[in-house]
Amino acid sequence: MVKIKIAGLELKNPVMSASGTFGSGAEFAEFFDLSLMGAVVCKTVTLNERAGNKPPRVADAPAGMLNAIGLENKGVEYFINTSLPFLRKYDTKVAASAAGNNVEEYVETVKLLAAQPEVHAVEVNMSCPNVTHGVNRGLFSQNPDTVKEIMSAVRKETKKPLFAKVSPQVADITAIAKAALDAGADALSLINTIPAMGVDLKTRRPLLGNVTGGLSGPAVKPVALKLVWDVFKTVKIPIIAMGGIMNAADALEFILCGATAVQVGTANFINPRACVEIAAGIEKYFEENKLQNIEDLRGKLKV
Amino acid sequence: MMKNFKAEIISNKEVNPDIFNLIFKAPELAAAAPGQFLEILCGADGVSGGPFLRRPFGVYNTDVKKGTAEILFKVLGQGTKNLSARKAGEILDIVGPLGSGFKIIDTPRPVIAGGGMGVAPLLLLAKILHEKKQKPIIFLGAKNKEELAAAEKFEKYGKVILTTDDGSAGEKCFLNIPLEKYLKENKNAVIYSCGPHPMLKCLAELGKKYKAAVQVSLEEKMACGLGVCRGCPVEVKNKDEKYKMVCKDGPVFPAEDVVW
Ligand SMILES: Cc1cc2nc3c(=O)[nH]c(=O)nc-3n(C[C@H](O)[C@H](O)[C@H](O)COP(=O)(O)O)c2cc1C
Ligand code: FES
């Protein structure tokens, strides 16, 4: 098994689900044994319930999809009482995902999540393109100072590993990564969806009810690879990479560019067994290439 | 229980212009309930050369003995275009059966109402009502005769009343006209329906007016089909939450729960 260590956690393999594409795992448990995953990253929750955006919330895009779910969730309490207990029976790691409208909500939500014994780590989602804030209606993670502010504040609440999940749409990803690291993040989850939209010429309407949303799937992979590579070269923060990973080869490319772990998102909708198949494919590649552990491949891109 | 499986195509016939009846091996769907649906990969390999996301299709028919199932679809976009080109012997990648289907009610007045391609999930329902010795009255409406692709198949299961927009088959009107006539004379009917949104909305109003229980099968753009992505909301009233998911909580809903 390609065991890895990241952010102080030992994972049986480098494959996690990407937040928002896997619920809390229950539906996918009908397709495979969740214990075969490195970690389950749950759908982002917020302090209070959010109804989400009006439909349509999803649409096709060339080699990918658009979404504007709007962080629909029943709130952190519901998640803790109703969704989390299900994951107890699986031998895998669990990362909860938190978002908020302001620093106080981030702190409150992370505090509640990190206090749960089932939660091994918290991913701090500062990059949902369907939730904006501030004067320029930007995403939290588009500003290094905001990243620092949120991550420092949540850092004070827990010793459990924290992943900072950030947006690809920034001028300098290394500044964001550095801010996260300085503020005490244990890993960087990269990338969230790319802000995007689609148009239906026939009806002259946007494809999404929210007009704009986020692009994910194979279309974003080259963008994500570059961002991972940029961070790997300059900032000493472990990287959890994602963006268009459909198979083991995609995942291995991210590891070559410097990722320690990967997350599988949109692929779950195309192949419900994507996570386990990718984990098995990575294992096979390591065996065939006589690689002992992740460090034999991580960042070994020949340039 | 839902599964992800490969299914060999037995036949894919164009039954009317642009309308296809695809039959495939699927013992996995033996227990599929009327109103449940399948998510089918319609791109070449799910990544290149086709729509990326799976497409939902209502289960049109099943043959438990032969271990086969059918869908009926109209070519509308790239996904259905690709599917229409698939041939016998080729393999489909299917997730299903998904969602919760029609709730079958023991009633002396079962009514089926299908508009356009909305007939697809209703044939299996008609068959099952027939097996239960209920005698459904079946209203089928479409733009024209060609689009009433499944009308004959329904005839074995109950009395069929046709309407078309152009009068090329049945009465020239929307199906709510003869349906309303029926409801006036038959109180406490149970209506199972699927079709375009305006039609379903109209049936919801008729249901209220004539005290008929209306079940509607809804459509919405989907990604996962499993209830995890929260991508397919329908706004509901008098519930704890603002939205329910068409893929998991539906696709069939009581008409009175839906915000029209
Ligand atoms: C339908 C959908 C919902 C998502 N919801 C969330 C979310 O709640 N929280 C989050 O951090 N990311 C969310 N994401 C982003 C994914 O976790 C991931 O970062 C992104 O989709 C890129 O990876 P992929 O190409 O493998 O999907 C969502 C993505 C999709 C497609
Ligand atoms: S399509 Fe994902 S929740 Fe319905």
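Just so it is clear, the structure is predicted and the values come from calculations on it, not from any experiment.

**As for empty space enclosed by the protein**
Residue and element names in this part refer to chain A.
Phase 1 of the analysis: Tallying each qualifying case throughout the model produces four cavities of 30 Å³ or more.
Phase 2 of the analysis: As a volume, the largest cavity reaches approximately 460 Å³.
Phase 3 of the analysis: Looking at the largest cavity, it is lined by 34 residues, and the ones nearest its centre are S19, T21, N67, N192 and T193.
Phase 4 of the analysis: Looking at the lining of the largest cavity, the elements that each hand over two or more residues are β4 (39–45), β6 (64–67), β14 (212–216) and β16 (261–264).
Phase 5 of the analysis: Its residues assigned to classes, the lining of the largest cavity comprises 15 nonpolar, 17 polar and two charged.

**Regarding the pattern of salt bridges**
Two side chains carrying opposite charge are able to pair once their charged atoms lie near each other.
Residue and element names in this part refer to chain B.
Phase 1 of the analysis: Here the structure, examined in full by the defined rule, presents 25 salt bridges over all chains.
Phase 2 of the analysis: Of the charged contacts, one joins E180 and K209 as a salt bridge, the two residues approaching to 3.0 Å between their closest N and O atoms. Of this pair, E180 sits in helix α4 (residues 176–185) while K209 sits in helix α5 (residues 197–210); the two residues are 29 residues apart in sequence, bridging distant segments of the chain.
Phase 3 of the analysis: We classify K209 as exposed; its relative accessible area is 56%.

**What to know about the interface of chain B and chain A**
Phase 1 of the analysis: Chain B puts 30 residues into the contact, and the matching count from chain A is 33 residues.
Phase 2 of the analysis: Summed over both partners, the interface of chain B with chain A buries about 2,600 Å², with 65% contributed by carbon and sulfur atoms.
Phase 3 of the analysis: Of all residues in chain B, the largest losses of buried area upon contact with chain A belong to F52, V228 and Y243 of chain B, amounting jointly to 25% of the total for that side.
Phase 4 of the analysis: Note that K248 of chain B and E27 of chain A form a salt bridge whose closest N and O atoms lie 2.8 Å from each other.
Phase 5 of the analysis: At the junction of chain B and chain A, the tally comes to nine residue pairs in polar contact (both at pLDDT 80 or more).
Phase 6 of the analysis: Secondary-structure elements contributing two or more residues to the side of chain B that touches chain A are β1 (3–16) and β15 (243–245) of chain B.

What counts as what
Residues numbered from 1 in each chain as written. Chains lettered and ligands numbered in written order. Predicted model: local features only at pLDDT ≥ 70, side-chain atom pairs only at ≥ 80, totals over all residues. Heavy atoms only, no water. 1 Å grid on protein atoms, 1.4 Å probe; cavity = no way out; pocket = protein on both sides within 12 Å on 5 of 7 lines; lining within 4 Å. Points joined across faces, edges and corners; volume = space filled by probe spheres on them. Helix = DSSP H or I, 4+ residues; strand = E, 2+ residues; numbered from the N terminus. Nonpolar A, V, L, I, M, F, W, Y, C, P; charged D, E, K, R; others polar. Salt bridge = Lys/Arg side-chain N within 4 Å of Asp/Glu carboxyl O. Buried < 20%, exposed > 50% of the residue type's maximum accessible area, 1.4 Å probe, protein only. Contact = heavy atoms within 4.5 Å. Buried area = accessible area lost by both parts, 1.4 Å probe. Polar contact = N/O pair within 3.5 Å; in protein donor to acceptor, adjacent residues only side chain to side chain.

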